Amino acid sequence: ERRRRWEEAQLAKLEAKGQKPTGNEWKAKYKEPVAADTEGLPDLPEGWCWASLDQLLTRMTSGSRDWKNYYDRGSSVFLMAQNVRPGALDLSFRQLVDPPPEDPSCERSEVRLGDLLVTIVGANAGDVCRVPEELHRHYVCQSVALLRPVETRLSRYFELFLTSPVGRGQFDAFMYGQGRPHLSFENLRATVVALPPLLEQGRIVTATDSSSTVEQHLTESSRRGDARCQRLRQAILRWAFEGRLVDQHASDEPASELLERIRAERAKAATKNDAMRGRRKVAARKS
């Protein structure tokens, strides 16, 4: 399937130039993907296999380095490292860009539904998320790799695997660079994926998403409970200061009298303390 997609793309390019392929020489330009290195890897369930990311992708690229002069204008969006969160594309930060339409980087780095984005430079290197919806004129920057699976329906499983300890652990082992971690395209191509049959992939995704939904509900319920407890605490303190925690008994003195008596006792204690300090000073001078 990977080869078939490549051949279709090559034929489309030739057709766009008004050319037709001659013979099979053009097919020889196909670059075979990096094979999965399975040395030391555990056995997999029946029907599963180890595959390299390179075998599973039709495109691996990053964004243009020459668009800084086009920042902060237009309506296109440059997806930065801060937009990529583990398992979630965060679009709250928007770096606008207005690249020249004739720049070939536009077609190469524009994201599509089902693409995987991987931060390859900086403190968040190794974070992975999937593009969950069609986005118009959104492009990856040079710090983010765009991975396009051969099959879009594979992307959610890939996202789960690459954000798991097994997938993320490979990125951590590959990373290089003191103070500013990097992942290279060679690292990404060599990353291996435990690949189950499509039916099992679907079941894994469904089970994981169901668990995530339950977790989200529990988290939200806990958050609402914490908020209610905080409001109740404030209400109790307010009622306590207003003397409304219990009903006022007829024989109880009014709160105003109690407060006045407390002030008087404090003033009396302060006067007594002042007198004692005075006597101590006099005794100290005599000695």
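Further up the page is the structure itself.
Residues numbered from 1 in each chain as written. Predicted model: local features only at pLDDT ≥ 70, side-chain atom pairs only at ≥ 80, totals over all residues. Heavy atoms only, no water.

### Quick word on the environment of Ala12
Stated formally: What counts as a helix is a DSSP run of H or I of at least four residues, what counts as a strand is a run of E of at least two, and both are numbered from the N terminus.
Residue position: Ala12 is located in helix α1 (residues 2-16). In sequence terms Ala12 and Asn69 are 57 residues apart; their C-alpha atoms lie 32 Å from each other.

### With respect to helix α4 (residues 155-163)
Note the threshold: Each residue gets one of three labels from its accessible area relative to the maximum for its type: buried under 20%, exposed over 50%, partly exposed in between, using a 1.4 Å probe on protein chains only.
Most of α4 sits out of view: eight of its nine residues are buried. Residues of α4 that are buried include every one of Ser155, Arg156, Tyr157, Phe158, Glu159, Leu160, Phe161 and Leu162, and no others.

### A short note on the side chain of Gln170
The line we're drawing: By the convention used here, residues are in contact when the closest approach between their heavy atoms is within 4.5 Å.
Relative to the assigned elements, Gln170 resides in helix α5 (residues 165-174). Take Gln170: its relative accessible area is 15%, and that puts it in the buried class. If sequence neighbours within four positions are ignored, Gln170 has contacts with Phe161, Thr191 and Val192.

### Observations concerning the pattern of salt bridges
Defined as follows: Whenever Lys or Arg places a side-chain nitrogen within 4 Å of a carboxyl oxygen from Asp or Glu, that contact is recorded as a salt bridge.
Within this structure, the stated rule accounts for 17 salt bridges. Glu151 is the partner of Arg5 in a salt bridge, and the nearest nitrogen-oxygen pair spans 3.8 Å. Taken together, the residues Arg5 in helix α1 and Glu151 in the loop between β10 (144-149) and α4 connect sequence positions 146 residues apart. Overall, the relative accessible area of 25% leaves Glu151 in the partly exposed class. A single network of salt bridges, built from pairs that share partners, joins Glu1, Arg4, Arg5, Glu8, Glu151 and Arg153.

### Considering the state of the cysteines
As used in these notes, a disulfide is a covalent bond between sulfur atoms, one from each of two cysteines. Stated precisely, the cut-off is as follows: Cysteine sulfurs are considered disulfide-paired once they come within 2.5 Å of each other.
Considering all chains together, one arrives at zero disulfides under this definition. Cysteine Cys106 remains unbridged, with the sulfur of Cys141 as its closest cysteine sulfur at 15 Å. A relative accessible area of 9% means that Cys106 is categorised as buried.

### Some details on the sheet that holds strand β3 (residues 71-79)
Condition: Whether two strands pair comes down to DSSP finding at least two bridges between them. For helices, the fitted axis covers only the stretch in contact; all axes are lines through C-alpha atoms, and the angles between them, taken along N-to-C directions, range from 0 to 180 degrees.
Here we have three strands laid out as an open sheet, ordered β6-β3-β9, and mixed in their pairing. Whereas interior strands pair on both sides, the edge strands pair on one side only; in this sheet they are β6 (95-97) and β9 (138-140). Taken pair by pair, the neighbouring strands of this sheet meet at an average axis angle of 65°, ignoring direction. Bridging between β3 and β6 involves four bridges; their strand directions are antiparallel. From the neighbouring strand, Val77 faces β6, where its bridge partner is Leu96.

By themselves, these observations are geometric and do not establish any function.
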